[in-house]
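# Notes for the structure review
So you can see what is in the structure, the chains are spelled out below.
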Amino acid sequence: MKGNPIYEKVEIVAASSEGKSLARIDNVVVFVNNAVPGDVVDVKIMRKHRRFLEGTAIHFHTLSKDRVEPVCAHFGTCGGCKWQSLNYATQLKYKQQQVHDALVRIGKLEVPEFQPIMGPTEVYNYRNRLDFGFSDKKWLTIEEIQSGVQIDDRSGLGFHISGAFDKVLDLKECHLQGEFSESVRKFVREYTRKKNYPYFNIRDQHGLMRSLIIRTSSTGETMVIVQFFDDNKEQIEDVMRAIHSEFPNITSLLYIINQKGNDTYFDLPVHVYAGRDHMFEAMEGLKFRIGPKSFYQTNSAQAYELYKVTREFAGLTGNEVVYDLYTGTGTIAQFVSSKAKKVIGVELVPSAIADAKENAGLNGIANCSFFASDMKDIFNASFMNEHGKPDVIITDPPRAGMHEDVCTAIRDSGAKRIVYVSCNPASQARDLAILSPHYTITKVQPVDMFPQTHHVENVVQLDVRL
Ligand code: SAH
């Protein structure tokens, strides 16, 4: 195959992972960008791999009946909402399919029954957190390049473009977080441009404005964190004063001076400009204190649904010793604690464990204990002997799934039930295969936490084989 051949009138037959679609040409699988199942398109092949091809739809002959007009002006350029051009019912269908494929078709696991995926009531403006980056080299859209107009001001505030780490898409709108977030971002953008404050240049590491983080909570509280690169006290004060006077109701207005090579700020002091250094999230009578460095599930409403499924799958009666692995800030542990004898939460990040302990104290929960460690170094037979033989293990690892040693420790734990919450059905299927000699899958419940994206959360219940 030479160059970039074009195949005509190819039918897109399925949705695939990472928001791409799938077609077959002469029995070879092709992952196609820019198309949805049901489209008939001309595909330009961009890359050839040993077992599959990658291409882009360049001409449309038939548009899928499942298409809808994307809501956002940035659809196609922004990597955030790749499925906005599919109606929501179809998005759900493909998410369910993705879980089924990962577990049954690829993973060859035995699954008695898939419960229908749970969609949320809000399919837009569902996020409680967005992180925007400033850049003095905004991404130029195809329209801007084709217009031939010279663009002198290349400053932008928005999302990083995947594959171009130094560029951001300058956002006019985003439909993921709601009106408050939109107005804060627009104001900060306009104000700092008016003042000509330099935006960050990540390659050469200079500029004042580095990032803007906006967090909202179901209690109505708001947190705005501005990261600066230059330690220019006068300009920092000016930006913060402007935000404060425009939005006096922000409950936590914070800033950070970050002169490191990367945007993470776990190791940096956070300055309170106005209000408190934390806000609260509430769930079923529990309160969670959220500091600027704390993790919290980014879709609060669906997190509640996810946790309810998890608790129901755990089937607790009040007498069980429960382990909550990858506990984060201990939210699942606390959520199930009233139905358990005791809960042991384990998590890598020490500050998250500090939050977990503090929140449990705040909620008057006495039967949870929390440990900070890499899971593979701590979760073994002697740890379980020390803290109590598990009756139920809940596990909620990151996208990469669990370390093999953790899987075998769970497999050999003797727990009568496992509940595996995952944001990546592919790594989940791999881990479930390791558990399968001792555990059988009894229920599967996919949950949609992130409408308009291809991401899917999946909860699996397993019972010990007798
Ligand atoms: N259950 C939590 C968080 C799940 S996110 C909630 O619902 O909020 C996955 C968590 O796994 C993150 O908090 C991450 O810090 C943690 N983690 C990642 N790698 C880990 C490891 N090797 N050992 C222990 N925890 C890890």
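On a predicted model such as this, the values are computed, not experimentally measured, just so you know.

## Thoughts on the packing of aromatic side chains
This structure, assessed with the given rule, holds 17 aromatic pairs. Look at phenylalanine 187 and tyrosine 191: their rings are 5.8 Å apart centre to centre, the planes differ by 20°, and that puts the pair in the stacked class. Note that phenylalanine 187 and tyrosine 191 are positioned in helix H3 (residues 179-194) at a spacing of four residues, about one turn of the helix. Note on accessibility: phenylalanine 187 and tyrosine 191 belong to one class, buried. Put simply, the rings of Phe180, Phe187, Tyr191 and Phe247 touch in pairs and so form one group of aromatic residues. Positioned over the ring face of tyrosine 199 is arginine 193, at 5.1 Å from the centre of the ring. Positioned above the aromatic ring of phenylalanine 280, the side-chain terminus of lysine 287 is 4.5 Å from the ring centre.

## So, the packing of H3 against helix H4 (residues 233-246)
The interhelical angle for the contact between H3 and H4, taken along N-to-C directions, is 135°, at an axis separation of 11 Å. Classified by the interaxial angle, the pair formed by H3 and H4 is oblique. The handedness of the crossing between H3 and H4 comes out as right-handed. Facing H3, whose interface residues are Phe187, Val188, Tyr191 and Thr192, H4 presents Asp238, Val239, Ala242, Ile243 and Glu246. Taken together, the residues of the contact of H3 with H4 sort by class into six nonpolar, one polar and two charged.

## Considerations on H4
For H4, built from 14 residues, the straight-helix expectation of 20 Å at 1.5 Å per residue is met to within 8% by its first-to-last C-alpha distance of 20 Å. Buried within H4 are the following residues: Ile236, Asp238, Val239, Met240, Ala242 and Ile243. The inward-facing, buried residues of H4 abut H3, strand S9 (209-216), strand S10 (222-228), strand S11 (252-257) and strand S12 (271-275).

## Here we look at the domain arrangement of the protein chain
Split by domain assignment, the protein chain resolves into domain 1 (1-67), domain 2 (92-122 + 299-464) and domain 3 (129-283). The distance between the C-alpha centroids of domain 2 and domain 3 comes to 34 Å. Taken residue by residue, the interface counts seven residues in domain 2 and four residues in domain 3. Both faces considered, domain 2 and domain 3 share a buried interface measuring about 430 Å² in area, 80% of it formed by carbon and sulfur atoms. The interface formed by domain 2 and domain 3 includes zero salt bridges. Mapped onto the side of domain 2 that touches domain 3, the elements with two or more residues apiece are helix H5 (300-314) and helix H7 (350-362). Looking at which element gives the most residues to the side of domain 2 that touches domain 3, the answer is H5, with four residues. Here the residues of the side of domain 2 that touches domain 3 are counted per class, giving five nonpolar, two polar and no charged.

## Section: the sheet that holds strand S20 (residues 439-447)
Through backbone hydrogen bonds, the strands of a sheet pair up, either in parallel or in antiparallel fashion. In spatial order, the strands read S17-S16-S15-S18-S19-S21-S20; together these seven strands make up an open sheet with mixed pairing. Each of the sheet's edge strands pairs with one partner strand only, and the pair in question is strand S17 (368-372) and S20. For this sheet the average axis-to-axis angle between neighbouring strands, irrespective of direction, equals 15°. Taken together, the five bridges between strand S16 (residues 342-347) and S17 define a ladder with parallel strand orientation. Residue pairing across strands places valine 346 opposite phenylalanine 371, the latter belonging to S17. Its contacts with the sheet place helix H1 (residues 88-106) against S20 and strand S21 (457-464), and it is angled at close to 160° to S20.

Parameters and conventions
Residues numbered from 1 in each chain as written. Predicted model: local features only at pLDDT ≥ 70, side-chain atom pairs only at ≥ 80, totals over all residues. Heavy atoms only, no water. Phe/Tyr/Trp six-rings, centres within 6.5 Å; stacked < 30°, edge-to-face > 60°. Helix = DSSP H or I, 4+ residues; strand = E, 2+ residues; numbered from the N terminus. Buried < 20%, exposed > 50% of the residue type's maximum accessible area, 1.4 Å probe, protein only. Lys NZ or Arg CZ within 6 Å of the ring centre and 35° of its normal. Axes fitted to C-alpha atoms, helices over the stretch in contact; angles between N-to-C directions. Parallel < 35°, antiparallel > 145°, perpendicular 65-115°, else oblique. Left-handed = near helix turned anticlockwise from the far one by under 90°. Contact = heavy atoms within 4.5 Å. Nonpolar A, V, L, I, M, F, W, Y, C, P; charged D, E, K, R; others polar. Expected span 1.5 Å × (residues − 1). Domains from an automatic or database assignment. Buried area = accessible area lost by both parts, 1.4 Å probe. Salt bridge = Lys/Arg side-chain N within 4 Å of Asp/Glu carboxyl O. Pairing = 2+ DSSP bridges.

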